[in-house]
Amino acid sequence: MSTQYSVIGTRPVRHDGADKVTGRAIYGADFQMAGLLHGVILRSPHAHARILSIDTSKAKAYPGVQAVVTADDFPEAPDKMVDLGEGETPLSHIRGNVLAKGKALYRGHAVAAVAAASLHDAEEAVKLIDVQYEVLPCALTAPDAMKDGAPILHESMRTKELGQKTDRVSNVAEHFRHVLGDIGAGFAEAEAVVEREFNTSTVHQGYIEPHAATALWNNDGRVLVWCSTQGSFVVRDATACVLDIPVSQVKVTPTEIGGGFGGKIPVYLEPVAAILSKQTGRPVKIVMTRRDVFEGTGPTPGCYMKVKIGARKDGTITAAQAYLAFEAGAYPGAMVGPAGMTVFAAYDIPNVTIDGYDVVVNKPSTAAYRAPGAPNAAFATETLIDELAEKLGMDPIDFRLKNAAKEGTRRADGPKFRKIGCVEVLQAMKAHPHYSAPLGGPNRGRGVAIGFWFNVGLQSSCTIAVNTDGHVNLVEGSTDIGGTRTSIAMQAAEVLGIPVEQVQPVVEDTDAVGYTAVTGGSRTTFATGWAAYEAAQDVVRQMKERAAKLWAIEPAAVQAERGVFSSNGHSITFKDLATKLATTGGPVVGRATVNPRGVGGSFAGCIADVEVDPETGKTTVLRFTSVQDAGRAIHPSYVEGQMQGGSVQGIGWALNEEYWMNPQGTMVNSSLLDYRMPTALDLPMIETKIVEVPNPGHPFGVRGVGEANIVPPLAGLANAIYHAIGVRMNRLPMNPPAILQALWDKK
Amino acid sequence: MATVFIPALLQGLTGGRSKLEVAGATVGEVVENLDRAWPGIADRLVEDGRLRTNISVAVDGEVSPMGLLEPVAAGSEVHFVAAISGG
Amino acid sequence: MPGKVHIHTLINNQPTDFLCEPRQSLLECLRDTLNLTGTKEGCNDGNCGACTVLMDGRPVTSCLVLGVEAQDAAITTIEGVAKGNTLHPLQQSFLENAALQCGICTPGFILAAKALLDQEPDPSEERIRFYLANNLCRCTGYDKIIRAVQDAAARMREEARA
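Residues numbered from 1 in each chain as written. Chains lettered and ligands numbered in written order. Predicted model: local features only at pLDDT ≥ 70, side-chain atom pairs only at ≥ 80, totals over all residues. Heavy atoms only, no water.

## So, the domain arrangement of chain A
Residue and element names in this part refer to chain A. To keep things clear, this is the line we draw: Domain delimitation in this document rests on an assignment produced automatically or drawn from a domain database. By buried area we mean the combined loss of accessible area, with a 1.4 Å probe, across both parts when two parts are placed together. Take a side-chain nitrogen of Lys or Arg and a carboxyl oxygen of Asp or Glu: if they are within 4 Å of each other, that pair is a salt bridge.
Taken domain by domain, chain A holds domain 1 (2–24 + 457–594), domain 2 (31–136 + 220–288) and domain 3 (303–455 + 600–746). With centres defined by C-alpha atoms, the gap from domain 1 to domain 3 works out at 37 Å. Between domain 1 and domain 3, roughly 1800 Å² of surface is buried when both sides are summed, and carbon and sulfur atoms account for 60% of that area. Sorting the residues of domain 1 by area buried against domain 3 places Arg11, Ser522 and Phe526 first, and these three jointly supply 32% of that buried surface. Joining domain 1 to domain 3, the criterion identifies one salt bridge. One salt bridge connects Arg11 with Glu640, and the closest N-O pair in it is separated by 3.1 Å.

## Re the interface of chain A and chain B
This is how it is decided: Contacts were defined at the residue level, with two residues in contact if any of their heavy atoms lie within 4.5 Å. Throughout this description, a polar contact denotes any pair of N or O atoms lying within 3.5 Å of each other; where both atoms belong to protein, one of them has to be capable of donating a hydrogen while the other can accept it, and for residues adjacent in sequence the pair is counted only when both atoms sit in side chains. Each helix is a run of DSSP H or I of at least 4 residues and each strand a run of E of at least 2, with the numbering of both proceeding from the N terminus. In this count, Pro and Cys sit with the nonpolar residues alongside Ala, Val, Leu, Ile, Met, Phe, Trp and Tyr, while Asp, Glu, Lys and Arg are called charged and the others, Gly among them, polar.
On the side of chain B, 28 residues touch chain A, which itself brings 44 residues to the contact. When residues of chain A are sorted by the area they lose upon contact with chain B, Glu88, Leu162 and Arg597 of chain A head the list and together hold 26% of the total. Our enumeration of links across chain A and chain B arrives at 14 residue pairs in polar contact (both at pLDDT 80 or more). Mapped by element, the contributors of at least two residues to the side of chain A that touches chain B are strand E11 (172–180) and helix H10 (336–342) of chain A. Per-element tally for the side of chain A that touches chain B: the top contributor is E11 of chain A, with four residues. Its residues placed into classes, the side of chain A that touches chain B shows 19 nonpolar, 14 polar and eleven charged.

## Points about the environment of Gly298 of chain A
Residue and element names in this part refer to chain A. Test applied: Remark: exposure states derive from per-residue accessible area (1.4 Å probe, protein chains only) relative to the maximum for the residue type, with buried under 20%, exposed over 50%, and partly exposed in between.
By secondary structure assignment, the location of Gly298 is in the loop between helix H9 (290–296) and strand E17 (303–311). What makes Gly298 buried here is its relative accessible area of 0%. In this structure the C-alpha to C-alpha distance between Gly298 and Thr366, which are 68 residues apart in sequence, comes to 4.1 Å. When residues no more than four places from it in sequence are discounted, the contact partners of Gly298 are His204, Gln205, Tyr268, Ser365, Thr366 and Ala367.

## Side note on the interface of chain C and chain A
Listed per partner, the contact involves 49 residues of chain C and 56 residues of chain A. Of the roughly 4200 Å² buried where chain C meets chain A, counting both sides, 58% is carbon and sulfur surface. Looking only at chain C, the three residues that lose the most surface to chain A are Gln101, Arg129 and Arg138 of chain C, adding up to 20% of its buried area. At the surface where chain C touches chain A, the tally comes to four salt bridges. Inspection of the chain C/chain A interface yields 24 residue pairs in polar contact (both at pLDDT 80 or more). For the side of chain C that touches chain A, the secondary structure elements donating two or more residues are helix H1 (26–33), helix H2 (89–96), helix H3 (106–119), helix H4 (125–131) and helix H5 (143–161) of chain C. At five residues, the largest contribution of residues to the side of chain C that touches chain A is made by H5 of chain C.

## Observations regarding the nonpolar core
Put simply, the rule reads: Buried Ala, Val, Leu, Ile, Met, Phe, Trp, Tyr and Cys residues that are joined via side-chain atoms within 4.5 Å together make up what is termed a nonpolar core.
Val272, Phe344 and Met734 of chain A together with Phe94 of chain C are the most contacted members of the largest nonpolar core, which totals 206 residues. Of all the elements, helix H11 (residues 374–392) of chain A adds the most residues to this core, at ten residues. Apart from residues lying up to four places away in sequence, Phe94 of chain C is in contact with Val21 of chain A together with Ala99, Leu100, Thr106, Phe109, Ile110, Ile145, Ala148 and Val149 of chain C. Core analysis: the second largest hydrophobic core is formed by 45 residues, Val466, Ala548, Val558 and Ala592 of chain A among them.

## Things to note about the side chain of Thr381 of chain A
Residue and element names in this part refer to chain A. Relative to the assigned elements, Thr381 resides in helix H11. On the accessibility criterion, Thr381 (1% relative accessible area) is buried. In this structure Thr381 touches Ile309, Val343, Phe344 and Tyr347, once residues within four positions along its chain are discounted.

## Quick word on the packing of H3 of chain C against H5 of chain C
Residue and element names in this part refer to chain C. What counts is decided by this rule: Interaxial angles span 0 to 180 degrees and are taken between N-to-C directions of axes, which are lines fitted to C-alpha atoms, for helices over the stretch in contact. In these notes the angle categories are as follows: under 35 degrees is roughly parallel, over 145 is roughly antiparallel, 65 to 115 is roughly perpendicular, and the rest is oblique. Two helices that cross are described as forming a left-handed crossing if the nearer one is turned anticlockwise from the farther one by less than a right angle, and a right-handed crossing if clockwise.
The contact between H3 and H5 brings their axes to 11 Å, and the two run at 40 degrees. Between H3 and H5, the angle is such that the two are oblique. With respect to the hand of their crossing, H3 and H5 are arranged in right-handed fashion. Where H3 approaches H5, its residues Phe109, Ala113, Leu117 and Asp118 are matched on the opposing element by Ile145, Val149, Ala152, Ala153 and Met156. When the residues that make up the contact of H3 with H5 are grouped by side-chain class, the tally is eight nonpolar, no polar and one charged.

## Observations concerning the packing of aromatic side chains
Any pair of aromatic rings gets described here by the distance separating the centres and the angle formed by the planes. Note the threshold: Here a pair means two rings of Phe, Tyr or Trp (six-membered ring of Trp) with centres within 6.5 Å. Their orientation is stacked below 30 degrees between planes, edge-to-face above 60, and tilted elsewhere.
Tallied over the entire structure, the rule returns 19 aromatic pairs over all chains. Ring centres of Tyr5 of chain A and Phe700 of chain A lie 5.5 Å apart, and the angle between their planes is 80 degrees; on these two criteria the pair is classed as edge-to-face. Here the residue Tyr5 of chain A occupies a position in the segment before helix H1 (17–21), and Phe700 of chain A occupies one in the loop between strand E30 (686–691) and helix H19 (713–725), the gap between them amounting to 695 residues. Residues Tyr5 of chain A and Phe700 of chain A agree in their burial class; the two are buried. A ring pair is formed by Phe109 of chain C and Tyr142 of chain C, whose centres lie 6.2 Å apart and whose planes are at 55 degrees; its orientation type is tilted. One end of the pair, Phe109 of chain C, is in helix H3; the other, Tyr142 of chain C, is in the loop between H4 and H5, with 33 residues separating them in the sequence. Using a relative accessible area of 0% as the deciding quantity, one classes Phe109 of chain C as buried. Taken together, the ring pairs connect Phe417, Phe452, Trp453, Phe454 and Phe603 of chain A into an aromatic cluster.

## Structural notes on helix H3 (residues 91–98) of chain A
All names here are of chain A. Most of H3 sits out of view: six of its eight residues are buried. Among all positions in H3, only Leu91, Ile94, Arg95, Gly96, Asn97 and Val98 are buried. Looking at the buried side of H3, the elements it contacts are strand E4 (81–83), strand E5 (88–90), strand E7 (110–116), helix H7 (232–243) and helix H8 (270–280).

Pasting the structure below:
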């Protein structure tokens with residue numbers, strides 16, 4: 001198929017590559033400016049406490065200190081919904097999370113900030129801020145926070161049920177329900193039923209670059225921000241709202257970004273740096289410490305789930321039920337909605353009921369993390385599917401294939417699937433040599449699992465200007481976390497019929513490019529790539545007009561094919577035509593904006609081999625294969641990279657990672673030594689198999705590949721552990737103590 | 001007429017009906033007509049002239065970027081679903 | 001405030017003098033005093049490896065080295081790895097093997113891998129994984145990094161033979 005393309009499907013070196021292997025690329029903390037002050041944030045030592053008073057006088061008197069601010073320094077704008085490009089959040093929640101007012105809702109909640117000429121002086125001064133707290137009891141898990149008599153985080157919060165506020169004062173921000181068919185009848189028909197409870201821990205995205213932002217409240221009244229973010233327009237809009245100034249008064253210049261995975265969508269530092277700059281008249285830079293990142297930014301929810309699935313002896317799933325309670329952290333938004341929409345999405349099940357609860361707890365306000373909500377949910381579903389397959393004596397892939405969702409399958413949340421690649425992913429797993437390879441030893445097991453993520457579309461903008469040497473400059477607004485400058489430029493190059501090296505992509509600031517939503521939701525290669533495709537079409541259209549002018553014919557008579565314009569014996573290359581722009585009408589600039597429909601969801605699967613040491617409980621991953629439907633792989637190396645990275649984040653989530661909270665709500669493992677992410681030594685090579693079921697909704701068939709790959713590994717490893725040592729794990733992480741406990745419980 | 005699927009938590013307003021045939025050329029018109037027949041339903045879906053925060057509409061299986069302005073054809077399926085974001 | 005100390009070093013083969021407070025880490029001196037921001041800070045407690053530099057040929061996490069400890073030492077940072085306009089084989093193979101996504105860990109990995117290959121031209125996969133276990137990458141799952149180091153080792157052996 002891909003032979004019809006000359007650029008799509010190739011593996012060029014990325015345009016920003018040289019800067020990134022030589023240390024020249026400027027990331028958030030690398031930004032420098034004359035007169036820069038350093039900001040440091042004071043964070044609550046308590047998980048839940050009323051702030052009685054804040055005395056900043058000693059800190060203000062510390063040598064070198066230029067300003068000290070608290071939430072009282074933010075304007076008191078009335079609450080409203082702020083559109084952050086991927087959904088809306090109340091201003092009061094954004095502002096309250098940036099600097100706490102009245103109450104600290106989690107350990108690490110920002111309460112005040114200092115700016116000083118030296119970072120060390122700011123660090124010393126921040127310790128001199130005297131905050132008087134009334135410590136309150138805290139609620140740390142969803143089940144605890146849902147109990148009668150639990151400490152209430154937000155006294156004014158009432159549980160919402162689809163647009164309706166109930167009169168229940170509770171930590172449950174929202175309850176939703178999806179119903180399809182009749183589960184009573186469905187379970188009555190089932191001949192095998194499995195039901196289990198599951199718990200997963202809070203985990204962090206774990207990007208290596210801590211959050212960093214510099215702000216200058218300029219003398220013309222504009223606020224200039226340089227920061228590491230997944231969405232410069234999100235930062236612009238959220239910062240403007242918190243500061244209560246128009247969005248056009250804020251200009252955000254995105255630096256290079258050192259990983260995000262969803263965690264660099266919210267704003268934390270920018271409004272604080274801006275207020276400190278307003279008070280001092282100087283630019284202020286704030287860089288988080290690693291502990292700040294763990295304690296003060298949004299991890300992804302821990303959860304409690306109870307899931308039940310029933311099937312007939314012939315392997316037909318007849319009914320499924322899920323109860324999902326997700327920890328939102330301090331403010332609502334636990335990603336339980338997507339969890340509810342994905343929990344059974346891989347299967348065609350006629351009778352389903354799903355209840356979801358968004359529960360606030362005294363932990364950091366959660367943020368998105370790669371397919372947010374879906375990995376937790378799939379951990380439950382996919383381990384039960386494995387158990388059912390075993391009960392029915394069926395091969396776990398055959399059992400999945402028998403029930404797999406296809407085009408036209410109705411999901412529990414209502415809509416029918418359009419063209420999807422669930423079956424093709426399962427077939428590729430079954431056919432993979434890994435699936436039939438011998439395991440070769442005791443205490444070894446193989447597990448499989450699959451997962452789904454919707455992906456999103458959202459708004460993107462792009463312009464392409466033609467240079468006189470036949471190269472083009474491509475301006476876009478999607479911050480580049482994994483090579484998207486190149487995957488976007490490749491789509492433009494394909495349309496223009498020129499090598500991708502002759503497209504120079506640049507990610508511009510919010511003054512210089514049209515609105516572009518976050519780099520997230522696996523949307524960048526899909527949506528910004530689509531904008532580049534359209535902008536390139538616009539260039540081709542204009543170039544045809546120029547050729548027509550040269551030949552004194554109608555533009556409609558000009559054909560464009562692989563970078564050559566021709567008509568009736570005339571012919572000119574893109575490059576030669578580019579030299580004739582001045583005399584045929586002036587520069588050519590193509591432009592496009594999109595808010596596309598046609599988003600194609602992606603299915604992924606994994607095959608995992610493990611060996612479990614029954615003496616220590618340690619699990620070693622022996623072999624791991626990731627399979628994913630990319631729709632169309634624009635740059636296969638970067639698709640593989642997404643699959644490998646997502647898989648390994650899933651492996652870490654499954655085996656090691658957790659926020660280890662003490663009863664007072666302090667994370668006791670807030671360093672990269674104790675929050676144990678996988679190292680090179682913990683892993684084998686991650687094999688990949690790209691499946692291509694083109695998305696009919698995108699000009700090149702792109703689906704977006706950033707997220708679905710993290711969904712399967714949690715259950716895939718749980719299943720592998722079961723087949724190795726015979727214990728079903730229903731709690732994450734499956735670290736050595738948990739495995740040993742499970743082995744002892746079995747005896 | 002389009003087929004509107006009523007979310008489980010709104011079926012109290014539609015006498016337990018989970019599916020309704022409703023006229024309308026856009027999602028906005030469909031919601032208006034729905035509310036005429038089953039008062040109160042628009043209030044649960046719409047706020048300040050647009051779909052409530054974190055609710056999206058899917059027409060024929062595709063989440064619409066246009067919300068209430070999304071065209072609806074005869075025989076279309078209309079679902080109100082949770083808005084999806086991503087990492 | 002404690003007085004500043006005069007430090008003499010050789011950084012990327014250039015004699016370099018700077019003043020530092022006794023409490024400042026080498027990482028701070030490189031980044032904030034000398035504007036060598038290619039060396040990254042990921043944790044400031046020695047656990048992520050993003051700040052890896054070579055000190056007298058040995059990889060160190062520069063956040064755990066004091067600036068004053070660099071007296072008379074030869075330091076190599078990412079800015080000194082390429083020879084003029086020619087990328088080091090590790091840099092070239094990282095690009096060609098797509099061994100970076102966000103790129104924040106890349107300088108640390110390249111320096112750690114350079115220290116390994118300077119001593120051991122043909123390390124096994126296991127040896128590479130062991131040697132690079134102090135460097136965290138969250139984007140790639142390490143697969144393409146390991147392959148890039150293997151590829152660079154082969155190129156360097158080829159160059160050495162030539």
